[in-house]
Amino acid sequence: MTYTHSYIPLAAVMISLLGTIPITLSKRKPILRESWTLLISLGKFALIASMLPSVLSGQGFVWTFVDVLPGLPIAFRVDAMGMLFALVASFLWICTSFFSFGYLSKLKKHSKTRYYTSFSLAMSATIGVAFAANLLTMYMFYEILSLATYPLVTHDQDCRVRSAGRKYLSYIVGTSIMFALPAVIMTYMAVGSLDFTPGGILTGKASAPMLALIFCLFIAGFAKASIMPFHAWIPAAMVAPAPVSSFLHGVAVVKVGVFSILRVILDIFGPDLLRSLDYGVMLAYFVSFTILVASLVALTQDDLKRRLAYSTVGQLSYIVLGVALLTPHSTQGGILHIVMHAFGKITLFFCSGCIYVATHKRSISEMDGLGKQMPLTYAAFFIGALSIIGLPPMGGFISKWNLLLGTLEANQLPILVILLASSLLNAAYFLPIVYRGFFSNGTNEHVNEFRDVPYYCLVPMCVTALVSFVLFFYHSVFVQLAKIAAGS
Amino acid sequence: MTDLVSGIVAKYNYWIYVILMMIGLYAMIGKRNLVKKLLGMNIFQTAIILFFISMGVKRGAAIPILDKAGTLANGVDPVQILNPLPHVLMLTAIVVSVSVTGVALAVMIRIYREYGTLEEDEILEKLDR
Amino acid sequence: MNSYSNLHMYVMAVPLLSAFALNLMGRLSRYWVLPLTVGPLLFSTIGSVLVLVRVASEGAFSYTVGNWKPPYGIELLVDPLSSMMLLLISVIALIATFSANAWARREFPGREHLFFTLYLIQVAGMMGLVLTADAFNLYVLLEITSITTYGLIAMGKGRAPLASFNYIILGSIGACFYLLGVGYLYMITGSLNMADIARIIGTVNHGPALATAFAFVLVGLCIKMAFFPLHGWLPNAYSFAPTSASMMIAPLMTKVTIYLIVRVILSVFTPEYVFYTHQAVQSGMVWAASAAIICASSLALGQRELRRMFSYIIVAEVGYMVGGIWLANGQGMTGAVLHIVNDALMTLCLFLAAAAMSSRIGSLSFDNLNGLCRKMPLTMSAFVLAGLSIIGIPPTCGFFSKWYLLMGGIETGHWEFVAALLFSSLASVALFFRIIEFGYLRDMEDKQAEILFKATPSNEAPMMMLAPLLVSAASLILVGLSSGPIVRFVRTGILKFL
């Protein structure tokens, strides 16, 4: 992969950072404010998509700022993995913006300007992580993201939100300061630079115990990837409004966490080093625990969003598992799952948001028979669930198939069994919701309180569901990007 | 034993300064009356000033004020003359000490106007109420 | 050419002389106060920039006052470290002046000229402190700075005079210990010029006298800079000081004293002596610094009033810098010196924010802070930015100095220092996000809001207080992003000695 200098990565990151200014200034005019958000999200997607053809043909982009520390500039580098993540994130931001317009107005939420401003800032940080060229830049945007999402998680500003906000911060910021920062510094001390290089930079630079320590600190430090036991912030963060939960915690924040871990595995340690030390397999077994336990806990959750939250915890560990196995297919599968899970999970969260708008219900036990009144929502839910479970003809099948092939390649049959078991569990906690929605007879209460779901909420939901379906057939762009990322 | 005693006796001036310093420190920290604290501070600073002065002392030396004609004719032998530099430094230090004392007294007047007493524990009592 | 080569003297002399002019002219009319304060400080800032440029291009130079050759005369040393400190002092004093003026009008109506007289003399004293290369001259300037501080703090209401008196007692002990140390040095070397002392120490068989001298100097300066557990005067002094005084004193006094320790270690007692001859003291100081950081951060967590919390944060930051110096390591020393600059800016931003908030809500106890984020968004954003810098989030400046300190700690194997730094970051997260919770998640009661935010066009603090706050908040990010050039410049000053 060759790199040319370009300002487009900088523009892609800065457009939403600078965009916070017009959004804040149009506080008095909601329509102008919403239009600005839309414009910025479309612009961001356009900038990122414009770089896609070059990246596919092996030509990336770099942009370097001044050295803030010796040998460590703040720099951006657009390569295949970053492009994949950025594409998904920016496209889904457009969908979420539409969803937010409908959701926030319908529920008459307050402080919308702060919401859109924080969202814009958070997106800037997300793309910053995606395009980071070295660990320092990535760490910087990782922290900025944690802080930018705090106002979003605590948007409702009441007392139950306070403890959730504290948990969110203490898990995410606490682990990154306590574990990730020392790991970054130790890597810098061992190597002298922190640039992401395919194949890793740590080979031969430090002793095995030191490498083990750095590796464990990195895994513990990126708590956004919700590997147990650092996953408890996700259920707590479900107090956020539905668009926030759907996007940030189904797509952006959590994917930033796994993305960071993937970067550390692929571009700091490198597959060869990890294979020689057997850390890959150890990590794979460690996260399998998360996959199983999360799926089991999801079965017990009655609150729909919490069930989705635990499902996310499990699915994220799929991604880490895929890359940890260090075979071509498993790595491809893991990276592809970023895309597939994003679309599937956001559909599910949008559905839960629509249900809340219509009926103000959060618990699954109260949602019997709702499918008859909200057929579109439940159909989308069904599609999203199938994608997450990994059944054809949904996009999730592609990534899960690659993962299964990868476990065979790596000769890790126990993990194959765990993956299959987990898919069964996924079905067990998703499909009953759909079944009960369509085929059960609910009480007549909710008929009276039914509100119309605005089109702004329904359309994005259908779009993402459709994309999950379409990705089964037209996945070449992402597969190619994943192949380049895995192969390099 | 005799070495120790003769050592102490030979440097008796330094021991006196140490004792003065300890008295000053004790007054500053142990006493509860603000005026006594201030006096303790003065004693402490005085001890240090004396310490410096005694640095410049030489046995049998003359004071550092020279006779112009004699110096021009015969030159001056620094060994026979007291070191004036510590004295000069201590003039500065005395000025500093006086300034600090002045400021402290002004502050004490303010405290007295406010609380009517200069005893620290009484003041703290009044504050707690 | 001649006046150019005297420029740093003018930088120091102009505030000093205008202090007296201010005292006289201020009696005539109130309107002389602001121009006569801002003018000299502006001149000093521009002057120190020029001095900095000169040092950067030509290297360090020394200057003899009155043309009495050293070691008999007093020498001033203008090198990368001191020119940087000179610029820092002028800039911070200048930024703080606007807000201090607005507050002085509220707190001492009709007596602002007295306040600013002391203010300018203190600034001049600090500039002299960073320039001097003579040990006794340092004592004199230290006392000048301290006396004006005592006066400024005592001008406050309530418990301020008592706090100031306590500070007088403890501060004098510190200064006298320093003087005692200088006395021992004079006994050993017969000279007061710093470079001369260093040279003579190398040739003389010194024994325990030098160790005693060093111990006294160290303890004296530790009292002055509030190194835990000798910090007892600081929380009271800084939280009860008048608001206008605190925003200039808090960022500068302790940092200049830390600079003095660096200067004394580097120029007088050479690093070999300080760090290698007394290994136990070196490790002991790092342990003491770690304890200081942890204890001060924990004490800060227990506070219920904003400025008191800030003063404990200052004590913790002093621990960072002392620990960084005593790591005896290039990275640690770089981190400590960089942190002097960064911490001064962060503390300035914090105290300016406190002043801005206080201008609207009065008391800064936590109960009063409810719902402030909605009423004063700009102030709170600047406050949050300062908090992020203290926590150590890139790209604010606090991150970069923490980076060097952590690297120094890991390199030398002082894991207790690393743990203390990380603990302090986490404690700062808790501290600042607690305030953010108060300001953001709770709502101000309507009655209270009515009283405090009467029919004014904007709920924010007045422009005179808000503008410096925003400037200092922006500087946190700018200085952070320019850490590379700053560190390179700092290293040219330090590496000569290491």
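Residues numbered from 1 in each chain as written. Chains lettered and ligands numbered in written order. Predicted model: local features only at pLDDT ≥ 70, side-chain atom pairs only at ≥ 80, totals over all residues. Heavy atoms only, no water.

### With respect to the overall build of chain A
Argument step 1. The helix and strand inventory of chain A stands at 21 helices and three strands.
Argument step 2. For chain A, whose C-alpha radius of gyration is 21 Å, the value lies close to the compact-globule estimate of 23 Å for 488 residues.
Argument step 3. Overall, the C-alpha framework of chain A stretches about 70 × 55 × 45 Å when taken along its three principal axes.
Argument step 4. For chain A, the proportion of its 488 residues judged to be buried stands at 65%.
Argument step 5. As displayed, chain A has an accessible area near 15,800 Å², and 68% of this comes from carbon and sulfur atoms.
Argument step 6. If you average the places of the 31 positive and of the 18 negative side-chain charges in chain A, the two averages end up 7 Å apart. (Helix = DSSP H or I, 4+ residues; strand = E, 2+ residues; numbered from the N terminus. Rg over C-alpha atoms; globule rule 2.2 N^0.38 Å. Buried < 20%, exposed > 50% of the residue type's maximum accessible area, 1.4 Å probe, protein only. Areas by Shrake-Rupley, 256 points an atom, 1.4 Å probe, with all protein chains shown as cover. Lys, Arg positive; Asp, Glu negative; His and termini not counted. Charge placed at Lys NZ, Arg CZ, Asp CG, Glu CD.)

### Overview of the overall build of chain C
Argument step 1. Secondary structure summary: chain C contains 22 helices and two strands in total.
Argument step 2. Relative to a compact globule of 498 residues, whose C-alpha radius of gyration would be 23 Å, chain C shows 22 Å and is just as compact.
Argument step 3. Each principal axis of the C-alpha distribution contributes one length, and for chain C these read about 75 × 55 × 45 Å.
Argument step 4. A burial count over chain C gives 68% of its 498 residues as buried.
Argument step 5. On chain C, roughly 15,400 Å² of surface is accessible, and the fraction owed to carbon and sulfur atoms is 67%.
Argument step 6. Taking the 27 positively charged and 21 negatively charged side chains of chain C as two groups, their mean positions are separated by 6 Å.

### Considerations on helix H11 (residues 243-268) of chain C
Argument step 1. When the terminal C-alpha atoms of H11(C) are compared, their 37 Å separation across 26 residues agrees well with the 38 Å that a helix rising 1.5 Å per residue should span.
Argument step 2. Maximum bend of H11(C): about 40°, positioned at C:Ile249, with proline C:Pro251 one to four residues after it. (Expected span 1.5 Å × (residues − 1). Bend = angle between axes of the 7 residues up to and from the residue.)

### Here's the deal with the interface of chain A and chain C
Interfaces are often sized by the amount of accessible area the parts lose when they come together.
Argument step 1. Facing the 38 residues of chain A at the interface are 30 residues of chain C.
Argument step 2. Across the chain A/chain C interface, buried area totals approximately 3,000 Å², and carbon plus sulfur atoms make up 77% of it.
Argument step 3. At the boundary of chain A and chain C, one finds two salt bridges.
Argument step 4. Measuring nitrogen to oxygen at the nearest pair gives 2.8 Å for the salt bridge that ties A:Arg166 to C:Glu437. (Contact = heavy atoms within 4.5 Å. Buried area = accessible area lost by both parts, 1.4 Å probe. Salt bridge = Lys/Arg side-chain N within 4 Å of Asp/Glu carboxyl O.)

### Observations concerning the packing of helix H15 (residues 330-361) of chain C against helix H22 (residues 483-494) of chain C
All names here are of chain C.
Argument step 1. Relative to each other, H15 and H22 sit at 115°, their axes nearing to 10 Å. Crossing of H15 over H22 shows right-handed handedness. Each of Gln331, Met333, Thr334, Val337 and Leu338 in H15 lies in contact with H22, whose residues at this interface are Ile486, Val487, Val490, Arg491 and Ile494. (Axes fitted to C-alpha atoms, helices over the stretch in contact; angles between N-to-C directions. Left-handed = near helix turned anticlockwise from the far one by under 90°.)

### A look at unusual backbone geometry
Leaving glycine out, the prevailing phi sign among residues is negative, and the prevailing peptide bond configuration is trans.
Argument step 1. In the segment running from C:Phe228 into C:Pro229, the intervening peptide bond is cis, with an omega of 5°.
Argument step 2. Note on placement: C:Pro229 falls in the loop between helix H9 (208-224) and helix H10 (233-240).
Argument step 3. Backbone torsion omega between C:Pro394 and C:Pro395 reads -5°, so that peptide bond is classified as cis.
Argument step 4. As for its placement among the helices and strands, C:Pro395 is situated in the loop between helix H17 (377-391) and helix H18 (397-412).
Argument step 5. Of note in this structure, A:Ser226 is not a glycine but carries a positive phi near 55°.
Argument step 6. Inspection of the secondary structure puts A:Ser226 in the loop between helix H8 (208-221) and helix H9 (233-236).
Argument step 7. The backbone phi angle of A:Leu326 is positive, close to 65°, even though this residue is not glycine.
Argument step 8. Looking at the element boundaries, A:Leu326 is found in the loop between helix H13 (304-324) and helix H14 (328-359).

### A closer look at the interface of chain C and chain B
Argument step 1. On the chain B side, the residues contacting the 31 residues of chain C number 36 residues.
Argument step 2. Across the interface of chain C and chain B, roughly 2,800 Å² is buried in total on both sides, 84% from carbon and sulfur atoms.
Argument step 3. On the chain C side of the interface with chain B, the three residues burying the most area are C:Leu162, C:Phe165 and C:Tyr186, jointly 22% of the side's total.
Argument step 4. Inspection of the region where chain C meets chain B yields four residue pairs in polar contact (both at pLDDT 80 or more).
Argument step 5. Of all the secondary-structure elements, those providing two or more residues to the side of chain C that touches chain B are helix H6 (135-154) and helix H7 (160-189) of chain C.
Argument step 6. Top element by residues in the side of chain C that touches chain B is H7(C). It accounts for 17 residues.
Argument step 7. Within the side of chain C that touches chain B, the residues separate by chemical class into 22 nonpolar, six polar and three charged. (Polar contact = N/O pair within 3.5 Å; in protein donor to acceptor, adjacent residues only side chain to side chain. Nonpolar A, V, L, I, M, F, W, Y, C, P; charged D, E, K, R; others polar.)

### Comments concerning the nonpolar core
Argument step 1. Of all hydrophobic cores here, the largest spans 419 residues; its most connected members are A:Phe131, A:Phe269, C:Trp326 and C:Trp403.
Argument step 2. For this core, the element with the highest residue contribution is H15(C), accounting for 20 residues.
Argument step 3. When residues no more than four places from it in sequence are discounted, the contact partners of A:Phe131 are A:Pro9, A:Ala12, A:Val13, A:Ile48, A:Met51, A:Ala75, A:Phe76, A:Arg77, A:Val78, A:Gly82, A:Met83 and A:Ala86. (Core = buried A, V, L, I, M, F, W, Y, C linked by side-chain atoms within 4.5 Å.)

### Overview of the packing of aromatic side chains
Argument step 1. Counted according to the given criterion, the structure contains 58 aromatic pairs over all chains.
Argument step 2. Between the aromatic rings of A:Tyr115 and A:Phe119, the centroid separation amounts to 5.4 Å while the plane-to-plane angle is 55°, which identifies the pairing as tilted. Of this pair, A:Tyr115 and A:Phe119 both sit in helix H5 (residues 112-130), four residues apart, roughly one helical turn.
Argument step 3. Note on A:Phe119: relative accessible area 3%, which makes it buried.
Argument step 4. On the basis of an interplanar angle of 50° and a centroid distance of 5.5 Å, the ring pair of C:Phe177 and C:Phe216 is categorised as tilted. Of this pair, C:Phe177 sits in helix H7 while C:Phe216 sits in helix H9, placing them 39 residues apart in sequence.
Argument step 5. One aromatic cluster in this structure is built from B:Tyr14, B:Tyr17, B:Phe44, B:Phe51, B:Phe52, C:Phe177, C:Tyr184 and C:Phe216.
Argument step 6. Residue placement shows C:Arg30 over the ring face of C:Tyr31; its charged tip is 5.8 Å from the ring centre. (Phe/Tyr/Trp six-rings, centres within 6.5 Å; stacked < 30°, edge-to-face > 60°. Lys NZ or Arg CZ within 6 Å of the ring centre and 35° of its normal.)

### Considering the confidence of the model for chain C
All names here are of chain C.
Argument step 1. Averaged over chain C, the pLDDT score is 88; the fraction of residues at 70 or greater is 95%.
Argument step 2. Looking at the elements of chain C, mean pLDDT is at its lowest for helix H1 (residues 2-5), recorded as 60, and at its highest for H6, recorded as 94.
Argument step 3. Two summary scores accompany this predicted model of the complex, namely pTM at 0.91 and ipTM at 0.92. (pLDDT = per-residue confidence, 0-100.)

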